[in-house]
Amino acid sequence: MLKFKAKILIIEDDKDINELLALKLRAHAYECVSLFDFEGVEDLLDEGEIHLLIVDRNLPSGDSIERVKKLRNQGYKEPIIFLTAKALHKDLLEGFEGGCDDYICKPFDFDELLLRIRAILKRHQKDEERLIFGEFSLNLAAHECFHKDKKIELSNLEFELLKCFFENQGLLLSRQFLSENVWKDDTTADKTINIALTRLRNKFPALKNHILSVRGVGYKLC
């Protein structure tokens, strides 16, 4: 199975810390984008899907809390981690009240940061009812599909068919199963299912080789 690559935006003005974080996170299969202040952040968030932000509180433009509050007020819901030298209890309270999901003090242990990133992403994906396979994601609540950062338009049938495969990754799905769970009809013709799967494969070349046909039995996503 392909590994989902979450994209992390690092906003840290210390060049050495920024580069080291990006290097280590990429070694753990994360994609990283680096900025040294909040300039351009909103444009970047509008351009593509960012799954998590790591933000230093002390930036050239000042304390990041107000900027994070602004993002939250604009409807940005992705998780945010403050990475900061501000270590007093009141600083931590200010961070959470400002809209962060986690607060980590410098100097920090990278392994601990990595565990917190994984936990937050896992929790957030569950909260959004998101199904993941490789570089594809399905947001069930919004009825949206993404390949990397690009939103893919799907018909209702295509979405339900992809959802069925994502929910049953690695399992052999019979035509009867697909008929009952996607078409909601146990008499769907094999030809109808074959045509739908051919269209789905053609629409997603990157997924094509992962939807396998088992002759005379059914299909498997792996």
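> Teacher, can you tell me more about the sheet that holds strand E8 (residues 130-133) here?
Note on sheets: strands pair through backbone hydrogen bonds, and any given pair is parallel or antiparallel. Read from one edge to the other, the open sheet built from four strands follows the order E8-E9-E10-E11, with strand pairing classed as antiparallel. Strand pairing shows two members of the sheet lacking a second neighbour, E8 and strand E11 (150-152), which therefore form its edges. Across the sheet, the axes of successive neighbouring strands diverge by a mean angle of 25°, strand direction being ignored. When strand E10 (residues 144-147) meets E11, the two strands line up antiparallel, connected through three bridges. Its bridge partner being in E11, Cys-145 is matched across the sheet by Ile-152. Lying on the sheet, helix H6 (residues 156-167) is in contact with E8, strand E9 (136-139) and E10; it crosses E9 at an angle near 110°.

> I tried to follow the environment of Leu-200 on my own but got confused; where do I start?
Its place among the elements puts Leu-200 in helix H8 (residues 190-203). A sequence separation of 44 residues divides Leu-200 from Asn-156, and the C-alpha atoms of the two residues are 12 Å apart. Ignoring any residue separated from it by four or fewer positions in sequence, one finds Leu-200 in contact with Glu-158, Leu-161, Leu-162 and Ile-211.

> Explain the pairing of strand E14 (residues 218-221) to me, please; I cannot follow it from the model alone.
The pairing of strand E12 (residues 172-174) with E14 spans three bridges and is antiparallel. Considered in E14, the bridge of Leu-172 is made with Lys-220. Between strand E13 (residues 211-214) and E14, which pair antiparallel one after the other, the connecting turn spans three residues, and Gly-216 there sits at a positive phi close to 80°.

Conventions used here
Residues numbered from 1 in each chain as written. Predicted model: local features only at pLDDT ≥ 70, side-chain atom pairs only at ≥ 80, totals over all residues. Heavy atoms only, no water. Pairing = 2+ DSSP bridges. Helix = DSSP H or I, 4+ residues; strand = E, 2+ residues; numbered from the N terminus. Axes fitted to C-alpha atoms, helices over the stretch in contact; angles between N-to-C directions. Contact = heavy atoms within 4.5 Å.

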